Amino acid sequence: MDLNNKERIAIQITDDYYYIGHPKEGFHILRTDKGLVLFDSMDIPEADERYLIPGLAELGLQDEPINTLFLTHGHFDHYLGADHVWRRTGCDVALSREDCIFMVSSLDNRDKNPLIPRITRLVEDGERFDFGSNYVYVMAAPGHTPGCLNYFFNVHDKGEEHVAVMFGGFGIFGPGHYPGVYPFSAQYAVEQALIFASTCVKTWEYCKENRVDIYLNPHPHLCPLLKTLETKDKNELIVGTEGVRTWIVDRFEDCLRSARGFTDIERTYEEPKGC
Ligand SMILES: [Zn+2]
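Everything quoted here is computed from the prediction, not taken from an experiment.

*Asks:* Explanation requested: the nonpolar core in the structure shown.
*Replies:* A general trend in soluble globular proteins is that nonpolar side chains are found buried together. Judged by nonpolar contacts, the single largest core of 53 residues is most densely connected at Phe 39, Phe 70, Val 136, Tyr 151, Phe 153, Leu 216 and Leu 225. Looking at which element gives the most residues to this core, the answer is helix α5 (residues 186-209), with nine residues. Discounting chain neighbours no more than four positions away, the residues touching Phe 153 are Leu 30, Phe 39, Tyr 135, Val 136, His 162, Val 163, Ala 164, Met 166 and Leu 216.

Put into structure tokens, the structure is as follows:
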């Protein structure tokens, strides 16, 4: 399998955790006593037809009902596939209130707005969903977007329980680091970077207390999941709480580096027009 192209990957990773997609975008799937729980929905409206439906059949999960599709945040590469999944299955589609607004109003999504999905379940910081022997805990994780969410959930592997953090965001946006001209002030960018840094600390506190030992990003190439997909070695994925800390510290330091970069007075940035 060539993981560098967009060929479909459908893989079982633990007893109850699966991935369907390609190396940069995909559906993360928990198989629970109450049906399938999905995280994010790729960057094309036809993700259901092209990836999810055939992928579930390949994994023998085609008859499992889909309970909830949790979206990490309101960027198009996470929500564009959600509408078709919802229309076919009637599952709940969950997102934060802040990112419902962000999703329809943000320049980040530009021409993708007509394809926004219906959000049937607003989720909030500290909410916990029970799906029989699996749970999903929601944490507000602003910084990448205003209403970005982290999801924590348990998985089972050969009788052992592990806890994963799905770290909802990654990029830190500001002058010089944005697709197109950054439309806000440098000060706003610095504030967002520092809010993201604070989110990293909050995430680590939870990980430490709850012995989280798997670090995930919705994009496999931004976390140990890609290695797991390549080698099919679960040890690549279960990095331990100290391993999780390494990934979070890396985000934290990137936030501080970015904040410093956005206020670099020696650099000139292209000014936004008309705002
Ligand atoms: Zn994003």
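*Asks:* Explanation requested: the coordination of the zinc ion in the structure shown.
*Replies:* In a perfect tetrahedron of four donors around a metal, the angles come out at 109.5 degrees. In a perfect octahedron of six, they are 90 or 180 degrees. Summarising the metal site, the zinc ion is bound by the protein donors His 73 (NE2), His 75 (ND1) and His 144 (NE2), whose distances to it range over 2.1 to 2.2 Å. The sequence motif formed by the donor residues of the zinc ion is H-x1-H-x68-H. Assessed through its relative accessible area of 1%, His 73 is described here as buried. By relative accessible area, His 75 is classed as buried at 7%.

*Asks:* Teacher, can you tell me more about the sheet that holds strand β3 (residues 26-32) here?
*Replies:* The strand order across the open sheet built from seven strands is β1-β2-β3-β4-β5-β6-β7, with neighbouring strands paired in mixed fashion. Each end of this open sheet is capped by a strand with a single partner; those strands are β1 (9-12) and β7 (121-123). With strand direction ignored, the average angle separating the axes of adjacent strands in the sheet is 20°. Here β1 pairs with strand β2 (residues 17-21) via four bridges, running antiparallel. For Ile 11, the partnering residue across the bridge sits in β2 and is Tyr 19. This element, helix α1 (residues 47-58), spans β1, β2, β3, β4 (35-39) and β5 (66-70) of the sheet and lies at about 40° to β3. Packing of helix α3 (residues 82-89) onto the sheet brings it into contact with β3, β4, β5 and β6 (92-96), and relative to β5 it is tilted by some 160°.

*Asks:* Could you clarify how one ought to interpret the packing of aromatic side chains in this entry?
*Replies:* We describe a pair of aromatic rings using the distance from one ring centre to the other and the angle between the two ring planes. All told, the structure shown has 18 aromatic pairs when counted by the stated rule. Between Phe 70 and Tyr 151, the ring centres sit 5.0 Å apart and the planes meet at 55°, which makes this aromatic pair tilted. Taken as a pair, Phe 70 in strand β5 and Tyr 151 in strand β10 (residues 149-157) lie far apart in primary sequence, 81 residues in all. Like Phe 70, the residue Tyr 151 is buried in the burial classification. Ring geometry for Phe 129 and Phe 131: centres 6.4 Å apart, planes at 10°, overall stacked. Here the two residues Phe 129 and Phe 131 agree in accessibility, since each one is buried.

*Asks:* Would you mind going over unusual backbone geometry with me for this structure?
*Replies:* Backbone phi values are negative for most residues with the exception of glycine, while trans is the configuration of most peptide bonds. A positive phi is found at Asp 40, a non-glycine position, where the angle reads about 65°. Structurally, Asp 40 can be placed in the loop between β4 and α1. Classification of Asp 40 as buried rests on a relative accessible area of 2%. For Met 42, which is not glycine, the phi torsion reads 75° and is therefore positive. Exposure remark for Met 42: the relative accessible area of 1% places this residue in the buried category.

*Asks:* What is the right way to read the pattern of salt bridges from this model?
*Replies:* Pairs can form between side chains of opposite charge once their charged atoms are near each other. Per the stated rule, a full pass over the model turns up eleven salt bridges. Between Arg 88 and Asp 48 there is a salt bridge; the shortest N-O distance is 2.6 Å. Separated by 40 residues along the polypeptide, Arg 88 in helix α3 and Asp 48 in helix α1 bring together distant segments of the chain. Judged by its relative accessible area of 42%, Arg 88 is partly exposed. Glu 205 serves as the salt-bridge partner of Lys 208, at 3.5 Å between the closest nitrogen and oxygen. Linking Lys 208 with Glu 205, this pair stays in helix α5, spanning three residues, or about one helical turn.

Cut-offs and rules
Residues numbered from 1 in each chain as written. Predicted model: local features only at pLDDT ≥ 70, side-chain atom pairs only at ≥ 80, totals over all residues. Heavy atoms only, no water. Core = buried A, V, L, I, M, F, W, Y, C linked by side-chain atoms within 4.5 Å. Buried < 20%, exposed > 50% of the residue type's maximum accessible area, 1.4 Å probe, protein only. Helix = DSSP H or I, 4+ residues; strand = E, 2+ residues; numbered from the N terminus. Contact = heavy atoms within 4.5 Å. Donors = N, O, S within 2.8 Å, 3.2 Å for Na, K, Ca; no water. Pairing = 2+ DSSP bridges. Axes fitted to C-alpha atoms, helices over the stretch in contact; angles between N-to-C directions. Phe/Tyr/Trp six-rings, centres within 6.5 Å; stacked < 30°, edge-to-face > 60°. Salt bridge = Lys/Arg side-chain N within 4 Å of Asp/Glu carboxyl O.

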